[in-house]
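Close look at the chain arrangement
As a plain string of letters, each chain reads:
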Amino acid sequence: MRLQGEGEPFVPMHPRMSRVWLAAALLAASALPADEGGPRRTEWPFTALEPVRVPGAVDPRDCRGPIDAFVGARLDEAGLEAAPPASRRELIRRVTLDLLGLPPTPGEIEAFVADPAPDAWERLLDRLLASPRHGERRGRHWLDVARYTESQGFEYDRLRDRAWHYRDYVIESFNADTPYDRFIAEQIAGDVIEPVTRDGIVATSLLVCGPWDQAGNGQANKTQRMITREEELEDLVSVVCQTFLGVTVNCARCHEHKYDPIPQVDYYRVKAVFEGVVHGERDIVPPAEVRAREERARRLEAEIAAIGALIGELDAAARSRVVARRDDVTRPVGPTPFARWTFDDGTARDSVGELHGTLHEGARIAGGDLLVDGQKAFMRTVPIPRDFREKTLEAWVRLPTLDQGGGGVVTLEDSRGGVFDSIVFGERQPRKWMAGSTGFQRTRDLDGAEETATDEAIHVAITYDGDGRIAVYRNGEPYAPPYTPSSGLQTYRAGDARVVLGMRHTGGGRAFLAGAIEEASLHDRALTANEVAASCASRGLFVSREEALAALTDPERREREELSRRLASLRSGLGERPAEEKSYVGTRRQPAPTRRLERGDVRQAMEVVAPGALSAIDQPPGDLGLAPDAPEAERRRRLAAWIADQRNPLTARVMVNRVWHWHFGRGLVATPNDFGKSGEGATHPELIDWLAGRFIDDGWSVKRLSRRILTSAAYRRSSRFDESAAARDSENQLLWRFSPRRVEAEVARDAMLFASDALNLEMGGPGFRDFTVSTFGSSFYTIEDRDGPEYRRRAIYRMNVNSGKQPFLDALDCPDPAVKTPRRRATTTPTQALALMNNPFVQRQARRLAERALAESSGDLPAAVERAYRRTFGRDPTPREREASVAVAREHGLPTVCWALFNASEFLHVR
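The structure presented is a predicted model; accordingly, all values stated were derived computationally and were not measured.

Rules behind the numbers
Residues numbered from 1 in each chain as written. Predicted model: local features only at pLDDT ≥ 70, side-chain atom pairs only at ≥ 80, totals over all residues. Heavy atoms only, no water. Pairing = 2+ DSSP bridges. Helix = DSSP H or I, 4+ residues; strand = E, 2+ residues; numbered from the N terminus. Axes fitted to C-alpha atoms, helices over the stretch in contact; angles between N-to-C directions. Salt bridge = Lys/Arg side-chain N within 4 Å of Asp/Glu carboxyl O. Buried < 20%, exposed > 50% of the residue type's maximum accessible area, 1.4 Å probe, protein only. Arc of directions from axis to C-beta. Polar contact = N/O pair within 3.5 Å; in protein donor to acceptor, adjacent residues only side chain to side chain. Contact = heavy atoms within 4.5 Å. Phe/Tyr/Trp six-rings, centres within 6.5 Å; stacked < 30°, edge-to-face > 60°. Lys NZ or Arg CZ within 6 Å of the ring centre and 35° of its normal. Core = buried A, V, L, I, M, F, W, Y, C linked by side-chain atoms within 4.5 Å. Parallel < 35°, antiparallel > 145°, perpendicular 65-115°, else oblique. Left-handed = near helix turned anticlockwise from the far one by under 90°. Nonpolar A, V, L, I, M, F, W, Y, C, P; charged D, E, K, R; others polar.

**Describing the sheet that holds strand S8 (residues 378-381)**
Strand order across the open sheet formed by 6 strands is S5-S8-S16-S10-S11-S12, with antiparallel pairing between neighbours. On the outer flanks of this sheet lie strand S5 (357-360) and strand S12 (433-437), each paired with one strand and no other. Averaged over all pairs of adjacent strands, the angle between their axes in this sheet comes to 15 degrees, without regard to strand direction. Across 4 bridges, the pairing between S5 and S8 is antiparallel. What sits directly across from leucine 359, in S8, is methionine 379.

This is the structure in structure tokens:
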């Protein structure tokens, strides 16, 4: 930046002048003469895209195409000479870091340097653009703009465990070169654009992937909650309008926009589009897929039921034969329980006479059974008059369906229902029994799923021994080996415990059983295995599976085996149904009509405003043809179509400039999120328009746009400094050279892992967590220096939480995840030097690089030094560097040399 030159206005310094105002004044004072704050800054972004004439080439030797014609014309106007082309070694390192965020390998560098083919550069670009690493690189850029975060921010800053789907969607979209107009539409309305897909639903995470004020939304004061909601919606409006349109519509929330042709009502028109978007998680399985799954499940379940009935008939006949042969056998006498509940005479009776139960929510008694519906029905007893610790829960129960979600048969719970032990069916594992308990403290997943639902009662018992051991029995036999939980047994105090039948525990989710309970018992001790078997056999109706199978005839046995094989196959197909898959994509609701707020004050609601877009754009018209009470989905559908319309003058211009910024480190408009008057003016507006036209003609292909830019001579210039050119254009706005720049924090980290051969290239899925979380009302994050393959994934896969910043990345200007960052800052601070010198991660990678270089050089130190240079700088050391590095390696070890290479500007900068 030039502070003041001859003929330029003097900017006075005042002790009370704000730094922001001063910076703006200095920028205005030092603007290039070609801009002058005229039409290019105020009217141009909003005018329609028109065909642009490519200027004549200034220097045919330097003009590789239209881009260079535009750039060359501006250089000629300013009397500037372009820098010569960069060397091939510089170019491959530059473009590989640019497109992949990783350095090239020594082999790739040498192959390109030695390639004499005239299309070597184009083939290199095609290879890099086709790499899956490209999506990760561009994805990181986009997530900066989208203010992607995986925690809420604000006071509570709770984790969003299922926000990562959006990160993967962005990476996959850039890798697949999803047309940009579709990319836009999906992120605004992908959940309502037919056909609705999983990607479309996930894409709308853009709307809610920023911070959310849990405390503000939980305020008791309604006005405060309304203010918090207005802040949320301003964030949403700003991310959509700045990301896709490059205009600060949110500045018109309280008044007419101070600089751009955006009246206050436009803000509320756009806000009305998003009034129905609310933060939160929801299922991301598309409705059509849900319906198809449900239909398939219904067909499978019907087949399973039919085959199960056939097996049941065979088993019933066999059991009848066994029971008939027992008529003259004396039944064993089971142990006497502390209390037993039976339902033979149409009422619930207990053996004690004082522990009667009360039926609730539709529970009823019929045919000697307690019938519970799996929805709300249950029975609860009066408080138990003594302490319980050791115990046995026991019941005879019939299950009409095996597809249940964790209902309890018989439960012992405290008076609040918060502490309990229970016989539970199908909670953590479908069709399986388990010892349900508070927070699963005394629970283990067990084997032994039920095969068929029959009319025969199942005997289930769970014993809780004094030494803490728990055993589960089914039909008198062990269901699984006993186990001892670490939590120990729970003591239930006299007067504060009760028995519940048909419900897991009071207040539990999906806690109700669907079935018929014939009898239930509570023992005040842990029964032995023999006692459980005797209790089961005491009713005389139990027949073991072995006895029943032995009673089948040979044809019946063969038929049952074939039916069982078919049943297992069908159940396998049913088990393949994916569980519901949730992501942090926000929920939707139909909002009330939007009102303009005078001065943005929630207490000054004025006229009703219909959902719409910007009035400053003629085509497509900003009136979306919507009523104030238009359906929520239609609002977003129409705005998405309006933004993605190829006639919209802002959309293509903004994305073209954003991609240019990614490649050059500075956009043709240096403020990528603000094309308005308060942003910086365009240095090459005609070039932006020409590229925007080609972008649309190429089907909105971002990869083709990148390739077009990267084949220009402007991109391939050297970064050689020219003092006379710098005196006239110190910020290189006219592109007389390639501006060198420091790599981003994530690139520095990933490049160190890449150089040391430790980088884990696993893609997608939940991110790694290099922190621990402590929750005391709010969540607190403690960063830890962790190593291992999971923690060596690319930095984009680190879980991105607001108050859990990684110190090394933070020191190198990694931005706040909750803030829209279209353009990263690059500071120079002492903490950066300290981080690069002392951070354990850097030193660990230096040791790994040294070990690798020595291994590849068979222990030859000078050869290892050369390999370390190639892995970090992409070149051999000069004779002087070699001599000095070998001397340091001999005195202090090769890791010290590698550490110095990681700290060098040549490693940390793109030139």
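Here the narrative resumes.
**Some thoughts on the pattern of salt bridges**
Overall, the coordinates contain 83 salt bridges when judged by the stated rule. The residue arginine 133 makes a salt bridge to glutamate 136 at a minimum N-O spacing of 2.8 Å. Of this pair, arginine 133 and glutamate 136 are both found in helix H7 (residues 132-146), 3 residues apart, which corresponds to roughly one turn of the helix. Taking relative accessible area as the criterion, glutamate 136 reaches 3% and is therefore assigned buried. Salt bridges sharing common partners tie together Arg133, Glu136, Arg749, Asp750 and Arg794.

**Considerations on helix H21 (residues 702-710)**
Within the span of H21, buried status applies to Val702, Lys703, Leu705, Ser706, Ile709 and Leu710. Seen from one end, H21 has its buried residues packed into an arc of 160 degrees, which puts them on one side. Where H21 begins, one side-chain oxygen reaches toward the backbone nitrogen of arginine 704, 3.1 Å away; that side chain belongs to serine 701.

**Thoughts on the pairing of strand S3 (residues 339-342)**
A regular strand places its side chains on the two faces of the sheet in alternate fashion. Taking every second residue as pointing to the same face, the buried face of S3 carries Ala339 and Trp341, while none of Arg340 and Thr342 on the other face is buried. In the sheet, S3 pairs with strand S17 (residues 514-523) via 4 bridges, with the strands oriented antiparallel. Paired with arginine 340 across the strands is serine 521, a residue of S17. Relative to strand S4 (residues 349-350), S3 is paired through 2 bridges, and the arrangement is antiparallel. In the strand pairing of S4, tryptophan 341 is matched with aspartate 350.

**Considerations on the side chain of arginine 653**
If you trace the backbone, arginine 653 turns up in helix H19 (residues 649-664). Classification of arginine 653 as buried rests on a relative accessible area of 0%. There is a polar contact of 3.0 Å between the side chain of arginine 653 and the backbone oxygen of proline 45. If near-sequence neighbours (up to four positions away) are discounted, arginine 653 is found in contact with Trp44, Pro45, Phe46, Thr47, Ala48, Leu49, Phe675, Ile688, Asp689 and Ala692.

**Examining the packing of aromatic side chains**
One pass over the full model with this rule turns up 31 aromatic pairs. On the basis of an interplanar angle of 70 degrees and a centroid distance of 5.3 Å, the ring pair of phenylalanine 695 and tryptophan 700 is categorised as edge-to-face. Across the pair, tryptophan 700 and phenylalanine 695 agree in class, each one buried. Ring centres 5.8 Å apart and planes at 45 degrees place the aromatic pair phenylalanine 808 and phenylalanine 841 in the tilted group. A residue pair is termed long-range when its members are at least 10 positions apart, and phenylalanine 808 in helix H24 (residues 807-811) and phenylalanine 841 in helix H26 (residues 840-856) qualify at 33 residues. For the pair phenylalanine 808 and phenylalanine 841, a shared accessibility class is recorded, and that class is buried. Members of the aromatic cluster, connected to one another through ring pairs, are Trp142, Tyr148, Tyr166, Tyr169, Phe174, Tyr180, Phe183, Phe244, Trp662, Phe695 and Trp700. Taking NZ or CZ as reference, arginine 88 lies 4.8 Å from the ring centre of phenylalanine 112, over its face. The positively charged end of arginine 871 is found above the aromatic ring belonging to phenylalanine 754, 5.4 Å away from the centroid.

**Here we look at the nonpolar core**
Counting residues in each nonpolar core, the largest one holds 163 residues, and the members touching the most others are Trp142, Tyr166, Tyr180, Phe274 and Leu894. Broken down by element, this core gets its largest block of residues, 9 residues, from H19. Excluding residues that lie within four positions of it along the chain, tryptophan 142 makes contacts with Tyr166, Val170, Phe174, Tyr180, Phe183, Gln187, Thr243, Phe244, Met655, Arg658 and Trp662. Core analysis: the next-biggest nonpolar cluster, separate from the first, contains 44 residues, Ile365, Ala377, Leu393 and Leu489 among them.

**Let's talk about the packing of H7 against helix H8 (residues 164-176)**
In the contact formed by H7 and H8, the axes pass within 7 Å of each other and the chain directions differ by 125 degrees. Compared by their axis directions, H7 and H8 come out oblique. Relative to H8, H7 is oriented so that their crossing is right-handed. Contacts between H7 and H8 involve Pro132, His134, Gly135, Glu136, Arg138, Gly139, Trp142, Leu143 and Ala146 from the first element and Tyr166, Arg167, Val170, Ile171, Phe174 and Asn175 from the second. For the contact of H7 with H8, a count of residues per class yields 8 nonpolar, 4 polar and 3 charged.

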